[in-house]
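This is what each chain is made of:
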Amino acid sequence: MVLPQSCRAGARQLAVKLTSCKKPPSFLPVNLLAARSVAKQRSFATYRTVAARSTPLLYYPRRSNKSSSDSAAHDDLEEETPENQDTKGRVKLESSEDESPAGSSAPSSPPSSSSSSGDGSDNSEPPQSPPAHRTPTPSSIAKQSVPEVYPQVLALPIARRPLFPGFYKAVVVRNPAVVAAIKEMMKRGQPYLGAFLLKDENTDSDVITDANSVHPVGVFAQITSIFAANTGPAEDKDEGLTAVLYPHRRIKMTELIKAGEQPSTAQVVPEDAQVPTPPPSPGPEISEGAVTEIPPGPVQTSFLHKHAISIVQVENLITQPYNKDDQYIRAFMSEIVSVFKDIAQLNPLFRDQITNFSINQVASNVFDEPDKLADFAAAVSSGEVSELQDVLESLVVDDRLRKALLVLKKELINAQLQSKLARDVDSKIAKRQREYYLMEQLKGIKKELGMESDGKDKLIEKFKERAAALKMPEPVQKVFDEELSKLMGLEPAASEANVTRNYLEWLTQIPWGQHSPENYSIAHAQKVLDEDHYGLKDVKDRILEFLAVGKLRGTVEGKIICLVGPPGVGKTSIGKSIARALNRQFFRFSVGGLTDVAEIKGHRRTYVGALPGKIIQALKRVGTENPLVLIDEVDKIGRGINGDPASALLEMLDPEQNNAFLDHYMDVPVDLSRVLFVCTANNLDTIPAPLLDRMEVLEVSGYVSEEKSVIADKYLGPQAKEASGLKNADVLLDPSTVDVLIKYYCRESGVRNLKKHIDKIYRKAALKIILDHGEEMFPEPPQPVPAPAAASTNNVSTDSTSTAAAVESQEPPPNEPKETATPEEDVSAGDASEKSKPELKVVTTQERKPLRVPESIRVRITPENLKEYVGPPVYHKDRMYVVPPPSGVSTGLGYLGNGSGAVMPVEATSMPGKGSLQLTGKLGEVIRESAQIGLSWVKAHAYELGITSSVDEQFLTDRDIHVHMPEGSIGKEGPSAGTAIVSAFVSLFTKTRINPDVAMTGEISLVGQVLPVGGLKEKILAAHRAGITTIVAPAANRADIEENVPESVKTGIRFVYVEDVREVLFEVFRDEPITERWKDTLSI
């Protein structure tokens, strides 16, 4: 069931007419009222569809009140209101000077639908009900009363809101069968039905197919008027109708006698046609006078059985007796009236509705009748459907009042929230309008006094002053003059003016011709590098060479340095040290994951929010033409749909091209030849070859244990101690503890992880001090007393340690309405600016001073209690095999991804099979190829190695080989495991054990050549830590080992340099019997 949506236009006008009534309609001339009514008279018997002026008051609840003559007769309520006041009420609504019979704005049918006539004041013409059955003869004196007992009625389901007795409701009926039944009811003078609320709010139906689909308690309603629901062509007039219902009393459905049927979507039943129903109705050929064919039930509703509608058995519900003077009932009534007043103050529509109702109360006052007051409260509120239905079902008056009060309270809360939101929005708008008005006045006053020129003139003057202080090249100066002339001819509000202004901002903020004085002092640079870094001798020497050349040439143009090394070795900090040594400004930006060329080359100016590239932004930030720009993570630059940033870097980093770098946004050549670019990367494999060719690579290798210990003592320890608030405290981290930390917790090449652990140790020490000595020794400082808001705003404190300020309170105002507020008081409270002034809240910020740790407190972190600070060791042992392992196991040296070396055993075994090779241990593709090469070499030299008895003997045709490298969760990649794999194969096939103190590294070729490898410093450091005594290394790496590996690491290790895998086997299997045979068969 849906409400008519076209009935909202004239509601307000009609309500105004009703409230403007100055005298009762009985004072109007009788002949005038009769003339009006006769002119508007039209019988419903014709059912002519006309365009009706709908009104939204059909939605509003209506209360039918008794006339003044019957105010004392409570028992004649049925005689007074519904059946005979319907005609009278609609006649009154025809006139702008009449009053509503129901006490509120009663909905009236359009003039074309009205069938009542006569004067509503003197009752010269008796009222007739129902209007559709009225004889058009003015002299008719029939008066029909509402039946007290009506056991079977047409059941009409209502959606979204229940109906309450005494309040009109307009509904739209679309079902053709229900429409036909209603029309026949009106013709027969039985315009009564039962309205029941649907349980499902999302459904809409005109019939009840299941008794459980509606609430059992509804209302017995009278159809006061009907008219067409559509205003379309005449052929669509039977699509539906709008019926105005007046509920009389509460009823309860006891039985669903006949269930309705949903109409077909393609069938529209004519007015005179019969609608088939599940129980077959008498056909047209049966005479109406055949008594034997009348369905069972009351005679007055027996005709409904031939329609496909819902018919229910109902019984009346009587409100239980009550005492009007009961204190609870009076308290509930007073509270409901009070809530009515509160809502009326906040909601104008609600106020108008209650006012219209109150003005038209002539004979009785609904506010004095508890049951009607509860119904009125529920009818005018927009509460939950279930709560409104509870009010309808309540037969105990105090319970009904309680439920109605709950609905009204929720309505009040909603009105308060709406009022608060409206006040907030109004205050913000008023504040902005006031500020704008005052600013415009201020601008006008300053302009009249000559204190300030026009905004555009001031802007142009600013650009000219900036350009005069710069040394722009001639092409740039020409572009600047053109853009400035364009800006002078544009209106400030134009979009092009904003684009031009932004471009001139950038053009005048590039430091054309401004340089910072450089310092090429070698002694100063060496001092700065030694202060910031320990070790890294090769890198420091290369930087000093670079500065020496710049000192002689007077410039360092054309040099692009790329620092390559594992994470945490200090590549970024080296760049900062170079900038400090040269006295240059420093700017860093990362290109890791960068996929947009516009980040390097800038956006076109035509785009919204366009900006120059990173290098132009760097020049603006540093303010000089010769900064040091550090491009971080250059090996991790990406490529996407927006271009290849690595290719865009070629122009910026090429010394032959960057003297006229062209940014897309600036569109003028910018000289980047004076910029010193320093790039950082973790590996060179992912850097594009053309970009790598333009850079000079400096390898920053990892630190050895001795260097890490010194770094921890000189740099990391003091920094972590001060950051933890223990600068002057007696907290000592023993050097032996640092060695244990390096050996069993932090084996990475860099010192970043070591720094994290040292920070953690000092944080734990700070917590231990606080927990051991309690809050008595380290009390909290007293809280500052905030000054009053007025004092804080008028007297600004100059104390540097504390600052008090008044800020706008963020707490929302309470939702409770003002109890004693009236419109007059609101107007006299002050002007709008004072009302919109936000509440000020004092916020005090006080700088806390660090607490001093007493000298009596001592904390020592030793290897014994180190576990309490950093947990159990990460690395438990340096090598897997301390005693001689079984045959098939060799010891290799590897380089891990975190920049550290590791001693990695290689295990090989054989089993019956088909001669296949299986590799495990998360091995990379290069190591897999090394295993294939090693196995092929062993098969080819099986006779020389003593594995087979003859040269032609088949080998490994029925055996499978499995090679595994332990610690499978760690990925292993690189070409340094060839010699270890071959040694493991030979040990397996000859059943000869290998000394675990011998480790080897090196790649082999298919003919047995041992090839050089990288990462020797980290590998030898791992071997030294594991107690390896002999290292077999490629002869090509000899110079690298002797030059770059510290002597402290090489102490105690014997190095054997080999060129052929045969030399490796002789060294690995030294003093074994198998080597005696190899002297004859395996020549070196």
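Cut-offs used in this document
Residues numbered from 1 in each chain as written. Predicted model: local features only at pLDDT ≥ 70, side-chain atom pairs only at ≥ 80, totals over all residues. Heavy atoms only, no water. Buried < 20%, exposed > 50% of the residue type's maximum accessible area, 1.4 Å probe, protein only. Helix = DSSP H or I, 4+ residues; strand = E, 2+ residues; numbered from the N terminus. Arc of directions from axis to C-beta. Contact = heavy atoms within 4.5 Å. Axes fitted to C-alpha atoms, helices over the stretch in contact; angles between N-to-C directions. Parallel < 35°, antiparallel > 145°, perpendicular 65-115°, else oblique. Left-handed = near helix turned anticlockwise from the far one by under 90°. Lys, Arg positive; Asp, Glu negative; His and termini not counted. Salt bridge = Lys/Arg side-chain N within 4 Å of Asp/Glu carboxyl O. Pairing = 2+ DSSP bridges. Bend = angle between axes of the 7 residues up to and from the residue. Patch = residues over 30% accessible without salt bridge, like charges linked within 9 Å, V, L, I, M, F, W, Y side chains within 5 Å. Areas by Shrake-Rupley, 256 points an atom, 1.4 Å probe, with all protein chains shown as cover. Charge placed at Lys NZ, Arg CZ, Asp CG, Glu CD. 1 Å grid on protein atoms, 1.4 Å probe; cavity = no way out; pocket = protein on both sides within 12 Å on 5 of 7 lines; lining within 4 Å. Points joined across faces, edges and corners; volume = space filled by probe spheres on them. Phe/Tyr/Trp six-rings, centres within 6.5 Å; stacked < 30°, edge-to-face > 60°. Lys NZ or Arg CZ within 6 Å of the ring centre and 35° of its normal.

### Concerning helix α22 (residues 735-744)
Among the residues making up α22, those that are buried are T737, V738, L741 and I742. End-on, the buried residues of α22 take up no more than an arc of 135°, which puts them together on one face. Considering only its buried residues, α22 is in contact with α21 (705-723), β14 (730-733), α23 (752-777), β17 (858-861) and α27 (867-870).

### Things to note about the packing of helix α14 (residues 522-532) against helix α15 (residues 537-553)
Packing of α14 against α15 brings their axes to within 10 Å, and their N-to-C directions diverge by 155°. Here α14 is positioned roughly antiparallel relative to α15, judged by the angle of their axes. Two packed elements cross with a definite hand, and for α14 against α15 that hand is right-handed. Contacts from I522, A525, Q526, L529 and D530 in α14 reach K540, I543, L544, L547 and A548 in α15.

### Structural notes on the side chain of K721
Summarising the element assignment, K721 is placed in helix α21. Despite being buried, K721 has no salt bridge partner; D730 is the closest side chain of opposite charge, sitting 6.2 Å away. Aside from chain neighbours lying at most four places away, what touches K721 is L726, K727, A729, V731 and Y762.

### What about the pattern of salt bridges?
This structure, assessed with the given rule, holds 40 salt bridges. Note that E531 is salt-bridged to R580, the shortest N-O span being 3.5 Å. Taken together, the positions of E531 in helix α14 and R580 in helix α16 (residues 571-582) put the pair 49 residues apart, joining distant regions of the chain.

### Concerning the sheet that holds strand β13 (residues 696-699)
Sheets are built from strands paired through backbone hydrogen bonds, the pairs being either parallel or antiparallel. Taken together, the five strands give an open sheet; going across it, the order is β8-β9-β12-β7-β13, and neighbouring strands pair in parallel fashion. Every interior strand has two partners, whereas the edge strands, β8 (586-590) and β13, have only one. Geometrically, the sheet is characterised by an average inter-axis angle of 20° between neighbouring strands, direction not taken into account. The pairing of strand β9 (residues 628-632) with strand β12 (residues 676-681) spans four bridges and is classified as parallel. What sits directly across from I631, in β12, is C679.

### Quick look at α23
The sharpest bend along α23 reaches about 60° and sits at L771. Residues of α23 that are buried include every one of L754, H757, I758, D759, I761, Y762, A765, A766, I769 and G774, and no others. Among the structural elements, α21, β14, α22, β17 and α27 are those in contact with the buried residues of α23.

### Brief notes about a negative patch on the surface
Together, D538, E699, D1040 and E1043 make up a region of like negative charge exposed at the surface. Looking at where E699 falls in the secondary structure, it is placed in strand β13. A relative accessible area of 63% means that E699 is categorised as exposed.

### Thoughts on the layout of surface pockets
Each pocket or cavity is described by its volume, and for the second largest pocket that value is around 1200 Å³. As for the second largest pocket, its lining consists of 40 residues, and the residues nearest its centre are E699, S701, Y895, G1015 and E1018. Mapped onto the lining of the second largest pocket, the elements with two or more residues apiece are α15, β13, β18 (889-895), α30 (1016-1026) and α31 (1038-1044). Looking at which element gives the most residues to the lining of the second largest pocket, the answer is α30, with four residues.

### Notes on the packing of aromatic side chains
In the structure shown here, the tally under the stated rule is eleven aromatic pairs. Ring geometry for F985 and F989: centres 6.2 Å apart, planes at 15°, overall stacked. In this pair, F985 and F989 both sit in helix α29 (residues 978-990), four residues apart, roughly one turn of the helix. Summarising the burial analysis for this pair, F985 and F989 share the class buried. On the numbers, 6.0 Å between centres and 85° between planes, the contact of F1066 with W1078 is edge-to-face. Highlighted residues: F1066 in helix α33 (residues 1061-1068) and W1078 in helix α34 (residues 1074-1081), separated in sequence by twelve residues. A network of ring pairs unites the aromatic residues Y150, Y192 and F220 as a single cluster. Between R605 and the ring centre of Y503, over which it is positioned, the NZ or CZ distance is 3.9 Å.

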